[in-house]
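Here's the letter readout for the chains.
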Amino acid sequence: MQKLIRNDWCRKPGEHFAKIRILNHDIHPEGLDIDRVRFFEPGRLVPEADVGHIISVLKGGGSIHVEGDSRSPFCLTEGMHLYIPPGKGSVLNGAPRTELLCVSGADPSQGRGKDFLLRDETFIAACAAGSQSLRWNFTPQYLSRRIFLHHDPVLLSKSGNPVSWFRTTMFNVSGLPHNEEGEPVFKMSYNSRTECNVCYDVKGDARVRMAEHPYGKSNQPWGPWLKLDDDSTYHLNEAAGSPEEECFVDEVTRTLQYLRNKHEVHIANGHVTLCCLFDPAPTGVENHRPGEYSDYEPLSKVLGTPLYETHQREIAKFDAMVDTLSIAKATGTLDAHHGTPEWQLYLQGQEAQVSIESGIAKALAAEGKGREHVLARWMQRQG
C-alpha cells in the first residue's frame with residue numbers, strides 16, 4: 001500500500017463535480033472508502049443509502065435533504081460535519097467551488113450510529129470546562145478539532161472498532177524540538193492505530209517521512225522526505241498483526257509492546273490542514289508530547305479509567321449543546337436559542353477555551369522561543 005497518495009481527479013461526462021477515491025475498503029486496513037469531491041458548478045451528490053457516511057464540508061457549502069427528517073433541508077457551510085446512518089436516503093446539493101470529504105462504510109453493519117448527526121465547528125470550539133478542552137484541542141504543536149471520538153456513534157472499521165474523525169492544523173515547526181539531523185519536527189509513532197491524513201490546505205514547505213524497520217532509539221533509518229500539498233494524503237497504514245509491526249517484551253513490565261507507524265512531519269513558513277481518520281478511535285483524553293515519538297494511547301490504557309469517566313461526564317453536556325445548536329444554525333433557527341441553557345453553555349465553553357489558549361500563549365512567550373507568534377492566527381477570540 002502507498003504511504004503517500006496523490007489525487008487523480010476524475011470527472012465523468014455530465015457530472016457537475018470531480019471525484020477522487022483515496023481509500024478503498026477492499027485494499028486498506030480500515031475497510032472504509034474515502035472520496036474527495038470538488039464541485040465546479042451547482043450539482044447534486046446522492047450518497048449510497050444502504051451504508052453509513054461521514055461527510056465534511058471543506059470549502060463552500062450547499063444543502064442536504066435527509067429522508068424522513070422533518071427538519072431538513074439543512075443549510076451546509078464550511079466547517080460542518082455530518083453522519084448519515086444506513087437506511088437514510090439523502091441528496092446533497094453543492095454550490096460551485098464546494099469541496100467535500102466523504103467516508104463510507106462498505107457494509108450496513110459498519111454504521112454504528114442509527115441517527116443523523118450534524119456538527120458545526122462554531123460550537124465544537126466552545127467545548128471546554130475549567131482548564132480542560134474537550135473537543136477543540138489547541139496545543140503548541142497543532143489545533144485538533146475532534147469531531148467524532150470513540151464514544152460518538154458513527155462508523156466502525158472492518159475489525160469492529162469505532163473510528164474517529166478529526167480536522168487538524170499542524171503549525172509551522174519553528175521552535176519545536178529537533179530530530180537527530182537537527183531539524184525541528186513533529187514526532188509521532190502510532191503504535192496502536194492506523195491513520196489516514198487527507199491534506200487539503202497546505203502552505204509553505206511541508207513534508208513527511210516514515211521510519212524504516214527495525215526501529216531504534218538512535219541512528220534511526222528513514223525513508224525519503226515526501227512533499228505534502230493540497231492534493232496529497234499520507235497514510236499510516238501499518239496495521240495490528242501486519243508484517244511491518246514490531247514486537248518486543250518490555251523489560252520493566254514484562255508485557256508485549258508493539259511498534260509501527262513512526263513518522264516525522266516538517267513544516268516551514270506555513271501550515272498543513274487535513275482531515276484524519278483513526279482506527280481505532282482515540283477517546284479524547286490523549287495528547288502528543290513535543291519532542292517525543294508519541295501516540296494516542298492504546299484503548300486498553302484509557303477506557304474504564306477514572307480520567308476517562310470524568311471526561312465522559314464533562315463532554316456529555318457539551319455534546320448535547322453542539323448537536324442542538326448545530327441543527328439550529330443549519331435550519332436558520334439559531335436566534336430562537338439565544339438565552340437557552342444550551343446557549344449559555346456555549347458562551348461559558350467559549351470563554352473557557354479562550355482562557356485556556358491565552359494561558360498556552362503566555363507560557364510559550366515566557367520560554368522566549370517565539371512559538372507564541374506561530375500560534376497567534378489560530379487562537380479563539382471571545383464573542
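The structure reproduced in this document is the subject of the present report.

**Let's talk about the overall build of the protein chain**
A count of helices and strands for the protein chain gives four helices and 23 strands. In terms of C-alpha radius of gyration, the protein chain reaches 21 Å, essentially the compact-globule figure of 21 Å for 383 residues. Referenced to the eigenvectors of the C-alpha coordinate spread, the extents of the protein chain come out at roughly 60 × 45 × 40 Å. Out of the 383 residues belonging to the protein chain, those deemed buried represent 56%. Total accessible area computed for the protein chain in this model is approximately 16,100 Å², and 52% of it derives from carbon and sulfur atoms. Between the mean site of the 41 positive side-chain charges and the mean site of the 50 negative ones, the protein chain shows a separation of 3 Å.

**Re the pattern of salt bridges**
Counted by the stated rule, this structure contains 24 salt bridges. The partner of arginine 119 in a salt bridge is aspartate 323, with the nearest N and O atoms 2.8 Å apart. Of this pair, arginine 119 sits in strand β11 (residues 117–120) while aspartate 323 sits in helix α2 (residues 306–330); the two residues are 204 residues apart in sequence, bridging distant segments of the chain. With a relative accessible area of 3%, arginine 119 lands in the buried category. Taking the shortest distance from any N to any O, the salt bridge between aspartate 319 and arginine 135 comes out at 3.0 Å. Here the residue aspartate 319 occupies a position in helix α2, and arginine 135 occupies one in the loop between β13 (132–133) and β14 (136–138), the gap between them amounting to 184 residues.

**What to know about the packing of aromatic side chains**
Remark: the centre distance and the inter-plane angle together describe each pair of aromatic rings, the angle taken between the planes. Scanning the entire structure with this criterion turns up 12 aromatic pairs. Ring centres of tyrosine 190 and phenylalanine 278 lie 5.8 Å apart, and the angle between their planes is 70°; this geometry places the pair in the edge-to-face category. Note that tyrosine 190 is positioned in the loop between β17 (186–189) and β18 (194–210) and phenylalanine 278 in strand β23 (residues 262–279), a separation of 88 residues in sequence. Across the pair, phenylalanine 278 and tyrosine 190 agree in class, each one buried. Every member of this aromatic cluster is reached through a ring pair, and the members are Phe166, Tyr190, Phe278 and Tyr296. Across the ring face of tyrosine 293, the terminal group of lysine 262 is positioned such that the distance to the ring centre comes to 4.5 Å. The ring of tryptophan 378 has arginine 377 lying over it, and the distance from NZ or CZ to the ring centre is 4.1 Å.

**Some remarks on helix α3 (residues 341–367)**
An ideal rise of 1.5 Å per residue puts 39 Å on 27 residues; α3 measures up with 40 Å between its terminal C-alpha atoms. Glycine 368 lies just past α3 and shows a positive phi near 75°.

**With respect to the packing of α2 against α3**
Two elements in contact, α2 and α3, have axes whose closest approach is 9 Å; the angle formed by their N-to-C orientations is 115°. By the angle class used here, α2 and α3 are roughly perpendicular. Crossing hand, α2 versus α3: left-handed. Residue-level inspection shows Lys317, Phe318, Met321, Thr324 and Leu325 of α2 in contact with α3, the latter providing Glu342, Trp343, Leu345, Tyr346 and Gly349.

**Side note on the nonpolar core**
In summary, soluble globular proteins display a tendency toward joint burial of nonpolar side chains. Residues Trp165, Met170, Tyr234 and Met321 are the most contacted members of the largest nonpolar core, which totals 78 residues. When residues no more than four places from it in sequence are discounted, the contact partners of tryptophan 165 are Ile54, Ser56, His81, Leu101, Val103, Arg145, Arg146, Ile147, Phe148, Cys275, Cys276 and Leu277. Of all hydrophobic cores here, the second largest spans 20 residues; its members include Val57, Met80, Leu118 and Ala330.

**Considering a nonpolar patch on the surface**
The grouping of Val249, Leu256 and Tyr258 at the surface amounts to a nonpolar patch, some 260 Å² of accessible area in total. Overall, tyrosine 258 belongs to the partly exposed group, its relative accessible area being 37%.

**So, the side chain of glutamine 141**
Checked against the element boundaries, glutamine 141 lands in the loop between β14 and β15 (142–148). What glutamine 141 contacts, discounting residues up to four positions off in sequence, is Met170, Phe171, Leu176, Phe186, His288, Arg289, Pro290 and Arg371.

**So, the sheet that holds strand β5 (residues 53–59)**
The antiparallel open sheet is built from six strands, whose spatial order is β2-β3-β10-β5-β8-β11. At either end of the open sheet lies a strand with only one pairing partner, and these are β2 (17–23) and β11. Strand-to-strand, the axes of this sheet are offset by a mean angle of 15°, without reference to chain direction. Relative to strand β10 (residues 99–105), strand β3 (residues 32–39) runs antiparallel, the two being bridged by seven bridges. Bridge assignment links isoleucine 34 to a residue of β10, and that residue is valine 103. Along the sheet, α2 contacts β8 (80–84) and β11; its crossing angle with β11, the most-contacted strand, is approximately 90°.

**With respect to the pairing of β23**
Most of β23 sits inside the fold, with 17 of its 18 residues counted as buried. Summarising the sheet, β17 and β23 pair through four bridges and their orientation is antiparallel. Within the sheet, the bridge partner assigned to lysine 187 lies in β23 and is glutamate 264. The pairing of β18 with β23 spans 15 bridges and is classified as antiparallel. Note that in β23 the partner of aspartate 205 across the bridge is alanine 268.

**A look at the sheet that holds strand β4 (residues 43–45)**
Taken in spatial order, the four strands of this open sheet run β4-β9-β6-β7, and their pairing is antiparallel. Edge positions in the sheet fall to β4 and β7 (74–77), since each has one partner strand and no second. Strand after strand, the sheet turns through a mean of 25° between neighbouring axes, direction not considered. As judged from the four bridges shared by strand β6 (residues 61–66) and β7, these two strands associate in the antiparallel manner. Looking across to β7, one finds that isoleucine 64 is bridged to phenylalanine 74.

Rules and cut-offs
- Residues numbered from 1 in each chain as written.
- Predicted model: local features only at pLDDT ≥ 70, side-chain atom pairs only at ≥ 80, totals over all residues.
- Heavy atoms only, no water.
- Helix = DSSP H or I, 4+ residues; strand = E, 2+ residues; numbered from the N terminus.
- Rg over C-alpha atoms; globule rule 2.2 N^0.38 Å.
- Buried < 20%, exposed > 50% of the residue type's maximum accessible area, 1.4 Å probe, protein only.
- Areas by Shrake-Rupley, 256 points an atom, 1.4 Å probe, with all protein chains shown as cover.
- Lys, Arg positive; Asp, Glu negative; His and termini not counted.
- Charge placed at Lys NZ, Arg CZ, Asp CG, Glu CD.
- Salt bridge = Lys/Arg side-chain N within 4 Å of Asp/Glu carboxyl O.
- Phe/Tyr/Trp six-rings, centres within 6.5 Å; stacked < 30°, edge-to-face > 60°.
- Lys NZ or Arg CZ within 6 Å of the ring centre and 35° of its normal.
- Expected span 1.5 Å × (residues − 1).
- Axes fitted to C-alpha atoms, helices over the stretch in contact; angles between N-to-C directions.
- Parallel < 35°, antiparallel > 145°, perpendicular 65-115°, else oblique.
- Left-handed = near helix turned anticlockwise from the far one by under 90°.
- Contact = heavy atoms within 4.5 Å.
- Core = buried A, V, L, I, M, F, W, Y, C linked by side-chain atoms within 4.5 Å.
- Patch = residues over 30% accessible without salt bridge, like charges linked within 9 Å, V, L, I, M, F, W, Y side chains within 5 Å.
- Pairing = 2+ DSSP bridges.

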